[in-house]
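As a plain string of letters, each chain reads:
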Amino acid sequence: MNAAAQFERVSQVFGDFTAVDSIDLSIAPGKLTTLLGPSGCGKTTSLRMLAGYTAPTSGRILIDGVDSTRTPPEKRGLGMVFQSYALFPHMTVADNVGYGLKLRGLTKGERQERVAESLDLVGLGHLSGSRPRTLSGGQQQRVALARAIAIRPKLLLLDEPLSNLDARLRVQMRAEIRRIQSETGLTVVLVTHDQDEALEMSDDMVLMRAGRIMQQGSPTEVFGAPANRFVADFLGYENFLTTADGGLVTVRPEHLEVSADSAATRSGGLALHGTVMDVAYRGVDLLVTVTVVDASGERVRLVSDVRADGRATVTPGDDVIVSAPETRLVSLPDETSSTLEPRDTDSSLAG
Ligand SMILES: Nc1ncnc2c1ncn2[C@@H]1O[C@H](COP(=O)(O)OP(=O)(O)OP(=O)(O)O)[C@@H](O)[C@H]1O
Ligand SMILES: [Mg+2]
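An account of the accompanying structure is given in this report. (Residues numbered from 1 in each chain as written. Chains lettered and ligands numbered in written order. Predicted model: local features only at pLDDT ≥ 70, side-chain atom pairs only at ≥ 80, totals over all residues. Heavy atoms only, no water.)

### Quick look at the sheet that holds strand 18 (residues 330-332)
Line of reasoning, step 1. Reading across from one edge, 11-12-18 is the order of the 3 strands in this open sheet, with antiparallel pairing throughout. This sheet does not close on itself; its edge strands, each paired only once, are strand 11 (239-242) and strand 18. Direction aside, neighbouring strands of the sheet carry axes that sit 35 degrees apart on average.
Line of reasoning, step 2. Bridge analysis of strand 11 against strand 12 (residues 248-251) gives 4 bridges, and the strand direction is antiparallel. Along strand 12, the bridge assignment pairs Phe-240 with Thr-250. (Pairing = 2+ DSSP bridges. Helix = DSSP H or I, 4+ residues; strand = E, 2+ residues; numbered from the N terminus. Axes fitted to C-alpha atoms, helices over the stretch in contact; angles between N-to-C directions.)

Have a look at this one:
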């Protein structure tokens, strides 16, 4: 099947700054793809090029297999929702949703039908006569979504649509967008810098850093086998160690055990002597910080997320064994030989 959209060696250069650096990207039809990465990595710039608001400095963008690099936004048949809802305050909800349809020359009857259908889809049929200012943030964002869907876009592009909502509503809306996507079978490209949002919502996730794509795959693929240290770090792998043979491994805090008992030493897997530096109480769990000396002789700080009943079995200053089973260790490629070297301008690993 044709990709719904394709980037071929697409770059975007602003002055002497390369915001998007020769990316190749394929967006699968009928799926939800997220562009994920830290602030400034080029997510919005990529989405704007796909929408046609900015022309790439070089490279091609294909939509449904057709070179659309120079096609103006209104001819691309895309729906777009931004972080700000940008609803017309003087129009009713229904008129807001129907706005794009009028521009497209649909008859009044067709428009009413599409508006009703779109508002039903986002669960706001009962508010069609309301003004935007009388709605909550979440409801306004649903209206913006209904407006984008009403034109039956080839692609629905969402740029951090949930970031203005409070934490609870944001989580609800993730499920809503998933439901709408699967009910309509729309191809959706969602930009986010929230890894939980991406993991929960994506069929396919694309991790970006400093204008480049670090990894693309399903959430389980990427989470289970991060391609490099940057991806691992971004997805919450906090512990990085050099192994005896000079390789780099990572292990998640929830898979790292800290034990005062030296009998805990395992055969296979990880087992190192360490010293407890800090124990932080966090309600459901405890965060234990330990320093160890890894195989390269380097002193390394490790964190273990202990699901305890709020009682620490270790205290700062204790000598402990830090361990993890073999199955929880994820090997990473040697960064120095990697083609994914960060650029000089990259600051995403700072701190
Ligand atoms: N019109 C422009 N002129 C100059 N630089 C720009 C322009 N647009 C974006 N940039 C720069 O390009 C880089 C990527 O910006 P972009 O908005 O794509 O990042 P982003 O990944 O969406 O970040 P955020 O998560 O903060 O929204 C940033 O360093 C930004 O300052
Ligand atoms: Mg952005």
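### Some thoughts on the packing of aromatic side chains
Line of reasoning, step 1. Scanning all chains against the criterion turns up 3 aromatic pairs.
Line of reasoning, step 2. Taking 5.9 Å as the distance between ring centres and 20 degrees as the angle between the ring planes, the aromatic pair formed by Phe-230 and Phe-234 counts as stacked. Highlighted residues: Phe-230 and Phe-234, both in helix 8 (residues 229-234), separated by 4 residues, approximately one helical turn.
Line of reasoning, step 3. Overall, the relative accessible area of 3% leaves Phe-230 in the buried class.
Line of reasoning, step 4. Overall, Phe-234 belongs to the buried group, its relative accessible area being 17%.
Line of reasoning, step 5. Its guanidinium or amino end placed over the ring of Phe-240, Arg-229 lies 4.2 Å from that ring's centre, counting from NZ or CZ.
Line of reasoning, step 6. Arg-252 extends its terminal NZ or CZ atom over the ring of Tyr-237, reaching a point 4.8 Å from the ring centre. (Phe/Tyr/Trp six-rings, centres within 6.5 Å; stacked < 30°, edge-to-face > 60°. Buried < 20%, exposed > 50% of the residue type's maximum accessible area, 1.4 Å probe, protein only. Lys NZ or Arg CZ within 6 Å of the ring centre and 35° of its normal.)

### Observations concerning the pairing of strand 12
Line of reasoning, step 1. The alternating pattern of strand 12 places Leu-248 and Thr-250 on one face and Val-249 and Val-251 on the opposite face, and all of these are buried.
Line of reasoning, step 2. The turn joining strand 11 and strand 12, which pair antiparallel and follow one another in sequence, is formed by 5 residues; a positive phi near 85 degrees is taken by Gly-246.

### What to know about the packing of helix 2 (residues 93-103) against helix 4 (residues 137-150)
Line of reasoning, step 1. At their nearest, the axes of helix 2 and helix 4 sit 8 Å apart, and the two run at 30 degrees to each other. Classified by the interaxial angle, the pair formed by helix 2 and helix 4 is roughly parallel. Regarding helix 2 and helix 4, the two cross each other, and that crossing is right-handed. For the pair formed by helix 2 and helix 4, the contact residues are Val-93, Asn-96, Val-97 and Leu-101 on the first element and Val-143, Ala-146, Arg-147 and Ala-150 on the second.
Line of reasoning, step 2. In the contact of helix 2 with helix 4, the residues fall into 6 nonpolar, 1 polar and 1 charged. (Parallel < 35°, antiparallel > 145°, perpendicular 65-115°, else oblique. Left-handed = near helix turned anticlockwise from the far one by under 90°. Contact = heavy atoms within 4.5 Å. Nonpolar A, V, L, I, M, F, W, Y, C, P; charged D, E, K, R; others polar.)

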